[in-house]
Structures are given as structure tokens and as C-alpha cells.
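Residue-level structure breakdown
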Amino acid sequence: MINKRLIYKIIGSLLLMEAGFMLLCVIMSFFYKEHDLLPFIGATLITIGGGLGAKYLGREANNNMNRRDAYLVVTLTWLVFSVFGTLPYLFSGILSNPTDAFFETISGFTTTGASVINDVEDARLPHAILFWRSLSQWVGGLGIVFFTIAILPSMVGGSVKVFSAEATGPIRAKMHPRLSTTAKWIWTVYLVLTIACCLAFFFGGMDWFSSINYAMTTTATGGFSIHNDSIAHFHSPLIEYTGVLFQFLAGINFTVIYMSIFKRKIKSLLNNSEVRFYCLMVLLATVWIGYLLMTRNGYSIEQALRSSLFQVVSLMTTTGIFSDNVGAWPHLTWIILSVLMFIGACAGSTSGGFKSIRALMIFRVIQNEFLRILHPKAVLPVKINGQSVPHGLINNLLAFLGIYVIAIAGTAALMASIGLDGANSMIISLSCISNVGLPLNVIGPDFTWSALPVIVKWICSVLMLMGRLEIFSVVVLFTRAFWKDN
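The structure displayed is predicted, hence computed values, not measured ones. The written sequence of each chain sets the order in which its residues are numbered from 1. It should be noted that, the model being predicted, local features are given only for residues of pLDDT at least 70 and side-chain atom pairs only at 80 or more, the latter also being counted only at that level, while totals for whole chains, interfaces and linings use all residues. The side-chain quantities take in all heavy atoms of the structure and omit both hydrogens and water.

What follows is about the overall build of the chain. Under the scheme used here, helices are H or I runs from DSSP no shorter than 4 residues and strands are E runs no shorter than 2 residues, and both carry numbers assigned from the N terminus. Broken down by element type, the chain carries 21 helices and 2 strands. Here the chain has a C-alpha radius of gyration of 22 Å; the compact-globule value for 486 residues is 23 Å, and the two agree. In terms of principal-axis extent, the alpha carbons of the chain reach across some 65 × 55 × 55 Å. Note on classification: 1.4 Å probe, protein chains only; a residue is buried when its accessible area is under 20% of the maximum for its type, exposed when over 50%, partly exposed between these limits. When burial is assessed residue by residue, the chain has 57% of its 486 residues classed as buried. Just to be clear, the radius of gyration here is over C-alpha atoms, and the globule rule we use is 2.2 Å times residues to the power 0.38.

When a carboxyl oxygen of Asp or Glu lies within 4 Å of a side-chain nitrogen of Lys or Arg, that pair is called a salt bridge. What the rule picks out here adds up to 7 salt bridges. Ionic pairing is found between Glu 470 and Arg 358, a salt bridge with its closest N-O pair at 2.8 Å. With Glu 470 in the loop between α20 (454-468) and α21 (472-475) and Arg 358 in helix α17 (residues 356-374), this pair connects stretches of sequence that are 112 residues apart. The two residues Glu 470 and Arg 358 agree in class, both being buried. Of the charged contacts, one joins Arg 372 and Glu 369 as a salt bridge, the two residues approaching to 3.3 Å between their closest N and O atoms. Here Arg 372 and its partner Glu 369 are both found in helix α17, 3 residues apart, which amounts to about one turn of the helix.

Throughout this description, the term nonpolar core refers to a set of buried Ala, Val, Leu, Ile, Met, Phe, Trp, Tyr and Cys residues connected via side-chain atoms within 4.5 Å. The biggest cluster of nonpolar side chains holds 144 residues, and the ones touching the most others in it are Trp 132, Ile 428, Trp 449, Leu 452 and Cys 460. Ranked by the residues each element gives to this core, the list is headed by helix α1 (residues 4-32), at 12 residues. Residue contacts follow a heavy-atom distance rule, with two residues in contact if any of their heavy atoms lie within 4.5 Å. If we ignore the near neighbours within four places in the chain, the residues touching Cys 460 are Phe 103, Met 415, Ile 428, Cys 432, Trp 449 and Leu 452.

Here the expected length of a helix is defined as 1.5 Å per residue gap, with one fewer gap than residues. Between its first and last C-alpha, helix α11 (residues 237-250) extends 20 Å over 14 residues, near the 20 Å set by a 1.5 Å rise per residue. For α11, the set of buried residues is Ile 239, Glu 240, Thr 242, Gly 243, Val 244, Phe 246, Gln 247 and Ala 250.

Once that is clear, we can look at the packing of α1 against helix α2 (residues 37-57). What counts as an axis is a line fitted to C-alpha atoms, over the stretch in contact for a helix, and the angles between N-to-C directions run from 0 to 180 degrees. Where α1 contacts α2, the two axes come as close as 7 Å, and the packing angle between them is 165°. Our classification of the angle between α1 and α2 gives roughly antiparallel. As α1 runs across α2, the sense of the crossing is left-handed. When residue character is reported, Ala, Val, Leu, Ile, Met, Phe, Trp, Tyr, Cys and Pro are called nonpolar, Asp, Glu, Lys and Arg charged, and the others, Gly included, polar. Looking at the contact of α1 with α2 residue by residue, the class counts come to 17 nonpolar, 7 polar and 4 charged. Convention used here: angles under 35 degrees read as roughly parallel, angles over 145 as roughly antiparallel, angles from 65 to 115 as roughly perpendicular, and any remaining angle as oblique. Crossing handedness: left-handed means the near helix sits turned counterclockwise from the far one by under a right angle, and right-handed means the same turn made clockwise.

Within helix α12 (residues 254-261), 7 of the 8 residues are buried, leaving the element largely enclosed by the surrounding structure. Turning to α12, its buried residues are Phe 254, Thr 255, Val 256, Ile 257, Tyr 258, Met 259 and Ser 260. Pairs of N or O atoms are called polar contacts if they sit within 3.5 Å, as long as, within protein, a hydrogen donor faces a hydrogen acceptor (for residues adjacent in sequence, only side-chain-to-side-chain pairs). N-cap assignment for α12: the residue whose side-chain oxygen lies 2.8 Å from the backbone N of Thr 255 is Asn 253.

As for its position among the elements, Thr 411 is in helix α18 (residues 391-418). Exposure remark for Thr 411: the relative accessible area of 14% places this residue in the buried category. Ignoring sequence-local partners within four residues, the contact set of Thr 411 consists of Ile 406, Ser 429, Ile 459 and Leu 463.

The rule is short: rings of Phe, Tyr and Trp, with Trp giving its six-membered ring, pair when the centres are within 6.5 Å, and they are stacked under 30 degrees, edge-to-face over 60, tilted in between. Counted under the stated rule, the structure contains 26 aromatic pairs. Summarising the aromatic geometry, the rings of Tyr 214 and Phe 234 are spaced 5.7 Å apart at their centres and angled 75° between planes, so their arrangement reads as edge-to-face. Of the two residues, Tyr 214 sits in helix α10 (residues 208-219) while Phe 234 sits in the loop between α10 and α11, which places them 20 residues apart along the sequence. The two residues Tyr 214 and Phe 234 agree in class, both being buried. Between Phe 342 and Phe 354, the ring centres sit 5.4 Å apart and the planes meet at 20°, which makes this aromatic pair stacked. Within this pair, whereas Phe 342 is found in helix α16 (residues 331-343), its partner Phe 354 is found in the loop between α16 and α17, the two being separated by 12 residues in sequence. Note on criteria: charge over ring means Lys NZ or Arg CZ within 6 Å of the ring centre, with the direction from the centre no more than 35 degrees off the ring normal. Cation over ring: Arg 59 sits above Tyr 56, and NZ or CZ is 4.1 Å from the ring centre. Above the ring of Phe 224, the side-chain terminus of Arg 133 is found at 4.1 Å from the ring centroid.

A few words on unusual backbone geometry. The general pattern is negative phi for most residues beyond glycine and trans for most peptide bonds. Here the phi dihedral of His 235 falls at roughly 50°; this positive angle occurs in a residue that is not glycine. Position of His 235 among the secondary structure elements: in the loop between α10 and α11. For His 235, a relative accessible area of 68% gives the class exposed. Phi at Lys 355 takes a positive value of approximately 90°, unusual for a residue other than glycine.

So, about a nonpolar patch on the surface. A patch consists of residues exposed above 30% relative accessible area that lack any salt bridge, with like charges linked at up to 9 Å and nonpolar side chains (Val, Leu, Ile, Met, Phe, Trp, Tyr) linked at up to 5 Å. Here the open area of atoms and residues is found with the Shrake-Rupley method and a 1.4 Å probe, where only the protein chains shown may cover a residue. A contiguous nonpolar patch, built from Leu 191, Ile 195, Leu 199, Phe 203, Trp 208 and Ile 212 and spanning about 590 Å² of accessible area, is present on the exposed surface. Ranked by residue count, the leading element in the nonpolar patch is helix α9 (residues 179-203), at 4 residues. Relative to the helices and strands, Ile 195 is located in helix α9. Taking relative accessible area as the criterion, Ile 195 reaches 46% and is therefore assigned partly exposed.

Okay, the environment of Glu 240 next. Within the secondary structure layout, Glu 240 lies in helix α11. Judged by its relative accessible area of 6%, Glu 240 is buried. As for Glu 240 and Leu 309, which are separated by 69 residues in sequence, their C-alpha atoms are 9.7 Å apart. Setting aside its immediate chain neighbours within four residues, Glu 240 contacts Ile 231, Arg 306, Phe 310 and Ser 323.

What follows is about the packing of helix α15 (residues 301-316) against α16. Contact geometry for α15 and α16: axes closest at 7 Å, N-to-C directions at 35°. Touching Gln 311, Val 312, Leu 315 and Met 316 of α15 are Leu 337, Leu 340, Met 341 and Ile 343, all from α16. Classifying every residue of the contact of α15 with α16 by side-chain character gives 7 nonpolar, 1 polar and no charged.

Let us now look at the environment of Gly 386. Turning to its location among the elements, Gly 386 is positioned in the loop between β1 (383-384) and β2 (387-388). Separated by 131 residues in the primary sequence, Gly 386 and Thr 255 place their C-alpha atoms 17 Å from one another.

Encoded structure:
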């Protein structure tokens, strides 16, 4: 039986936390003396009311949480957060259409970065709204519930089960016996990276407001920007290299970063199979695309390597920001970038996608099958970081790959049946489920997220949520077995 009281209690507490984030935007609005002060105050008060109401419904709840409760509370949390997160957009009139407001909000929390706001430099767009967009991505970077486990572990009953429902990747390493302590250390790494990124951007030439916003969206590998041309707005190679560095670091498993820096175990970084695969993919793709830019587009060596490195890291970490006119690049570069979008960076990072660890496991499975042809009786375990992967995880991997591909192809076919071009439908589906959020004007000059039909925006919203929660956490809610009381 579903523990409804506990779910109400958790969601109520999380809504109060969301109200706290909105309050930061109220302070931002007050500081800049802009007209969106009252809309944010109204949104904050309603969110507080919703949180208190949910906590009242969850009064006297026990903390006995089973796995079904965990999967349900995680999915509901992301949905409820997104629903209340639309209020600042609706009340300020920036996005008066509920569909657009929900799309923008869930794109933020899932760190997808697809935006229906075509002109973020519009004078009517206040600082607080821009900050809210960036803040939503930063909070969603490592997970809404995971953030709560780190700050207030007693708020989330059954923390381990909830973490399993929200965490990314098939293999999850533990740094500490207590999950709350692990969460605190991982969020410490995240915070340190964000502050370092902010300072680097500031000393690289950005103003404080720009550096704070770009630091939050860069370390969250989200991609929301406060300028229409994103990082390219600054025309600064130093800022581009800074963006590459922190996007790349945010794409590494935060547990590995913690062990290598805070515990001074550098070998844990150098010997990690997934990190080495991630670095190899970035290196090969950068050299390949850089060569194509030099030979076909006439780029200098430095410009070619900088542009290719930026886009390779941006797409593989699923940040999805651009520093160049990628639409004018050779078609082969887009095939390479699309493969990187699909694979994604490391599990346990802020990036989306299929994850490098899964791609590496598939390569190892294929390698073993070739060896098995020559040695039919050989025992050939799949090894990651020197340890054999349990057979159950291999089955999970293949099931995940199957659902992932079916979701992309199925939704692309559905969009094509609605009237979108087939190739564009595939790119949009891949972009959403990988949480990349490509600016669609790189596909066509007048092709934007805001121009998509309403039904397609809702399909994309579902894909973003499925991609962020790694599909199973969402899909399992629609199975008959989930709702059976046995």
C-alpha cells in the first residue's frame, strides 16, 4: 500500500524549500528595484501555502518507505516543483501560456535548457526571472530530493530508496555509510565548482550578475543563458576556455572528484574506466571535428580546436550551449555531435544522456561476444574498474538501452505524424530525452521551441522528465504491478 501521508509530508517540506528559492528571487528583484517584485511575492506565498497544506495532509506520517513510495515521491516531486515553478512566469506575464510556462520550468529543473523565450535580452525580462531560470537549473543539477537529503536528511524518509530512484547510472559508489553524509560531500563539491566557476568568469571579464548565472548553468550542465548568443556574446577565448573547463569537470562523476581532490586519491580519477572513456571520446571527437573545420571551413588551428573542443564538451555533457555558428559546419560534424549527445558524460555528474558508463559496458559486452566466438567455453565477465559487473546489471543495461531507443524513435514518429519534419523530430526527441536542449535555430533560422505545437511541447516535457529520472523511475508508475498491493 502506498504511504500517502509520508508522500504528502515530503512534498510539503520540499515545496517550502522551493518557496525559499523563490524568496531569493524576491531579494534579487528588490535589489534591482524591478516590477516583478509582487509576482514573486505572490508565487512565494502560494508555494508556502501549498507546502503547509501538503504537510497538514501528511501529519502524523511514519517514515516507513518502500521502493514504490520512493519512485512515486521522486516523480511527483519533480512534477509538483515544476507546476509551482511556473507561477513566477505566469504572474509576471513573461509567459502567459501555462504550456509554455510549464515547458520552461521543467526544462530548467531537468537541466535540459530548451527555452520558449526567444529573446532573453528583452528589456521586459527582469533580473529576477533570469536568476530564477538559472537557479532552477542549479537546483536540478544533482537532483531536487538529493539536495534535500544533503541539507535536511530527516525530511526524506527512506533516503537510500529515494536516492536510488533519483540517482543516475547503473553503478553507484558510496563514500560514506550514511547517505546524508555522502550527499553533503557531493553537494560541497558542486558548490565549490560553482563558486570557482563564478570567480573564473568574473575575472575573465563578466560582470557579477552574468558570472553568477553562467556559473550556475555551466556547472549544472543546463544551458540556460542570459544572452541570446550565450557564451559567444562575450567574444572572449578566455571565457570559452573557462566554460569548457567547468563543463568538462561537471561531466565527471562527483564521487570520483571528491575522492581525488578531498581525499587526495588521484589514482581513483586516473584509473577510473568511465573517466578514461569520457576523456578519450572528447579527445577523438575534438581532433576529428577540428580537422574538418580546418580543411573544409578554413579555420585556423587555434580557432578550430577551440570551437570543436567547446562544442564537443558542451554536447557530450548535455549543456547544449554554442560558441560558434555550428549550423554552417559540415554535416559530418553534426553526426559526431549527435553521437556524443546520445552517449553523454559520466554517471553521478550533472549531465544527462545515456551515460558513458553504459556505453563502455556495451562495448565490453560486444568485445566479450567476439572473444566468445573464438573461445565458446570461456568465462568472460564484464569488468568495470577491475570489478566484474553482476549479470543483473547487464540485463538492466540492455533493457534501458531498448527503452531509451524506443522512446526516441516512438516520440519522433509521433511528432512526425503531427506534422514536424522527420529528421527534426528525431533531433528534438534526442535533445529532450538526453536533456541537451539544443537551440532549434541551429536546425533552421526560424525553427524555435516556442514555435512547436502545444501537444509537441507536452511530449517534450515528458521526455525531459523521463531523461532526467532515467526512464525507469517514470515508466514503472504506469505498470500494473506497481499499483498492486502485494
